[in-house]
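Residues per chain, in single letters:
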Amino acid sequence: MNIPIILGIESSCDDTSAAVIQGRKILSHVTAHQKVHQKYGGVVPEMASRAHQQNIVPVIHQAILEANIQKKDISAIAFTKGPGLMGSLLVGVSFAKSMAMALDIPLIEVNHIQAHILAHFIDDANEKPPNFPFLCLTVSGGHTQIVLIKDYFDMEILGETLDDAAGEAFDKIGKMLGLDYPAGAEIDKLAQKGNPEKFTFTMPKVDKLNFSFSGLKTAVLYFLEKENKKNSNFISENLNDLCASVQKTIIEILIQKLKSAALEYNISNIAIAGGVSANSGLRNALIKEELSGLWVCSIPKFEYTTDNAAMIALVGSLKFDKKEFVDLSVSASARSF
Ligand code: KG4
Ligand code: ZN
């Protein structure tokens, strides 16, 4: 029997992405990153949907070309239904619906956050994909959650941020430091040359397995304002140390809660997902705890951490096996569903 081929489409935020998967093997994966938001210090929703409109046809065309398949070989189309920016989601959803109708093939809706987690099960994503049950720290620009995953589609959120997401903390603090949006990867790079012990920021006290990052953001803002008054070159003279110290604090907040969750639920299989899981400091902190025997951690390949359609295609493949299709009345959903 031929293994079904699924086209995945992702357009929830500022990346237009398409991927072709056969079973769990990625045949192609094409992403157009939108540079237009850089100078605004954050994603401008109206511009994001316009850029998706421009990118979606060439990106999908390229993905089909690189997969070395014909449109008629596609068994189903999987798309991100949400959560995300409505104007961005609508571009992907409308395109997926039209294409499914034209090719007369089934349509599969995908939850973006579930897809980040299930990206671990792409064939080449991970040398050791997590065993069920596992805990996943999902950290992106829009989300920070600890999720208990009992099976592919049996997930329970144990804790989440009460205000900003971890990626948002990286991006907003990066903006204060004069870095371009999104700042996470740049802070990561600069932090490697800095001293994480140079500056200390207070850890937030948050109930249960929830997180908070807005206090850290304000603390850094006041600290920078105070130091800038004494020395107007403070940021440029201390940039690496500031990045290292902020990154260390964010990682400590994340790891502390993950440890509490692992203890409370007696689970030693840990995974990370989402854009912030590309962070080298976070990866090292997880590995350090693995070496100390606390847990076994699954860390996905970089290309499957930030927004990508490969993860959407993977979920499409899993749902295709269960014949979980939606009809053409389906719509985008800004919130999780
Ligand atoms: O998952 P993602 O691509 O999009 C959302 O669904 O939000 O995550 C984007 C976030 C941004 O906040 C970006 O700054 C952050 O991931 N990020 C990083 C790194 N690479 C991307 N944060 C810290 N360290 C990195 N290396
Ligand atoms: Zn994402």
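Because the structure is predicted, anything quoted here is derived from the model rather than measured.

What counts and how
- The numbering scheme is per chain: residues are counted from 1 as the chain's sequence reads.
- Following the order in which they are written, the chains are lettered starting with A and the ligands numbered starting with 1.
- Local features in a predicted model are, by the rule used here, given only for residues with pLDDT of at least 70; side-chain atom pairs are given and counted only at 80 or more, and totals for whole chains, interfaces and linings are based on all residues.
- Side-chain measures here rest on the full set of heavy atoms in the structure, leaving out hydrogens and waters.
- Note: domain ranges come from an automatic or database domain assignment.
- Buried area: the sum, over both parts, of the accessible surface (1.4 Å probe) that disappears when the two are put together.
- Salt bridge criterion: a side-chain nitrogen from Lys or Arg within 4 Å of a carboxyl oxygen from Asp or Glu.
- Numbering of helices and strands runs from the N terminus; a helix is a DSSP stretch of H or I covering at least four residues, while a strand is a stretch of E covering at least two.
- For this scheme, ten residues count as nonpolar: Ala, Val, Leu, Ile, Met, Phe, Trp, Tyr, Cys and Pro. Four count as charged, namely Asp, Glu, Lys and Arg, and the remainder, Gly too, count as polar.
- Here the coordinating atoms are restricted to nitrogen, oxygen and sulfur within 2.8 Å of the metal centre, or 3.2 Å for Na, K and Ca, and because water is not among them the sites may look incomplete.
- Only two sets of limits are used to name each site, 85 to 135 degrees for every angle of a tetrahedral four-donor site, and over 155 degrees for opposite donors with all other angles from 65 to 115 for a square planar four-donor or octahedral six-donor site, with any other site named irregular.
- A 1.4 Å probe rolled over the protein chains alone gives each residue an accessible area, and that area as a share of the maximum for its type sets the label: buried under 20%, exposed over 50%, partly exposed in between.
- In a helix, the anticipated span is given by 1.5 Å times the number of residues less one.
- Axes are fitted to the seven residues ending at a residue and to the seven starting at it; the angle between these axes is taken as the bend at that residue.
- Comment: axis = line fitted to C-alpha atoms, over the contacting stretch for helices; angle = value between 0 and 180 degrees taken between N-to-C directions.
- An angle below 35 degrees is read as roughly parallel, one above 145 as roughly antiparallel, one from 65 to 115 as roughly perpendicular, and any other as oblique.
- In this scheme, a crossing is called left-handed if the near helix is turned counterclockwise away from the far one by less than a right angle; it is called right-handed if the turn is clockwise.
- Here a residue-residue contact requires only that any non-hydrogen atoms of the pair lie within 4.5 Å.
- Two strands qualify as a pair provided that DSSP identifies no fewer than 2 bridges between them.
- To qualify as a nonpolar core, a set must consist of buried Ala, Val, Leu, Ile, Met, Phe, Trp, Tyr and Cys residues joined through side-chain atoms within 4.5 Å.

Domain boundaries assigned for the protein chain yield domain 1 (5-118 + 305-321) and domain 2 (128-299). On a C-alpha basis, the centroid separation for the pair domain 1 and domain 2 is 27 Å. Both faces combined, the contact of domain 1 with domain 2 buries some 1,600 Å², and carbon together with sulfur accounts for 71% of it. For domain 1, the biggest contributors to the area lost against domain 2 are Ile 113, Ile 117 and Thr 305; these three give 36% of the whole. Between the two partners, domain 1 and domain 2, sit zero salt bridges. The element best represented in the side of domain 1 that touches domain 2 is helix α3 (residues 112-118), accounting for five residues. For the side of domain 1 that touches domain 2, the per-class residue count stands at eight nonpolar, eight polar and three charged.

With distances of 2.0 to 2.2 Å, the protein atoms coordinating the zinc ion (ligand 2) are His 112 (NE2), His 116 (NE2) and Asp 307 (OD). One way to put it: the four donor atoms around the zinc ion (ligand 2) meet at angles of 93 to 151°, and that makes the site irregular. Look at where the donors of the zinc ion (ligand 2) fall in the sequence and you get H-x3-H-x190-D. With His 112 in helix α3 and Asp 307 in the loop between β10 (296-298) and α9 (309-321), this pair connects stretches of sequence that are 195 residues apart. Of the two residues examined, His 112 and Asp 307, each falls in the buried class.

All right, on to helix α7 (residues 234-264) then. Helix length check: α7 (31 residues) gives 42 Å between terminal C-alpha atoms against 45 Å at 1.5 Å per residue, within 8%. The sharpest bend along α7 measures roughly 60° and falls at Asn 240. Note on α7: the residue one or two positions beyond its end, Asn 266, has a positive phi of about 50°.

Let us look at the pattern of salt bridges. Taken as a whole and judged by the stated rule, the model has 18 salt bridges. If you follow the salt bridges from partner to partner, you end up with Asp 164, Glu 168, Lys 172 and Lys 217 in one network.

Before going further, it helps to examine the packing of helix α6 (residues 214-230) against α7. With their axes 12 Å apart at the nearest point, α6 and α7 run at an angle of 160° to one another. By the criterion of interaxial angle, the relationship of α6 to α7 is roughly antiparallel. α7 is crossed by α6, and the crossing has right-handed handedness. Contacts from Leu 216, Val 220, Phe 223, Leu 224, Glu 227 and Asn 228 in α6 reach Phe 234, Ile 235, Leu 242, Val 246, Thr 249 and Ile 250 in α7. Among the residues forming the contact of α6 with α7, the class breakdown is nine nonpolar, two polar and one charged.

So, on to the sheet that holds strand β3 (residues 25-33). Pairing between the strands of a sheet is mediated by backbone hydrogen bonds and can be parallel or antiparallel. Here five strands make up an open sheet; going across it, the order is β3-β2-β1-β4-β5 and the pairing mixed. This sheet does not close on itself; its edge strands, each paired only once, are β3 and β5 (107-111). With strand direction ignored, the average angle separating the axes of adjacent strands in the sheet is 20°. With eight bridges joining them, strand β2 (residues 15-22) and β3 adopt antiparallel strand pairing. Its bridge partner lying in β3, Ala 19 is registered against His 29. Across the sheet, helix α1 (residues 45-66) touches β1 (5-10), β2 and β3, and the angle it forms with β2 is around 25°. Against the sheet, α9 contacts β1, β2, β3, β4 (76-82) and β5, and its axis sits at roughly 135° relative to β1.

Our next topic: the nonpolar core. Counting residues in each nonpolar core, the largest one holds 50 residues, and the members touching the most others are Leu 135, Leu 137, Leu 177, Ile 250, Leu 254 and Leu 286. Those elements that provide at least two residues to this core are β6 (134-139), β7 (144-151), α4 (166-176), α5 (184-191), α6, α7, β9 (269-273) and α8 (280-291). Counting residues per element, this core draws most heavily on α7, at 15 residues. Every residue in contact with Leu 137, bar those within four places of it in the chain, is listed here: Gln 145, Ile 146, Phe 211, Leu 254, Leu 258, Ala 271, Ile 272, Ala 273 and Leu 282. One finds Ile 108, Ile 117, Ala 310 and Ile 312 within the second-largest nonpolar core, a separate group that totals 31 residues.

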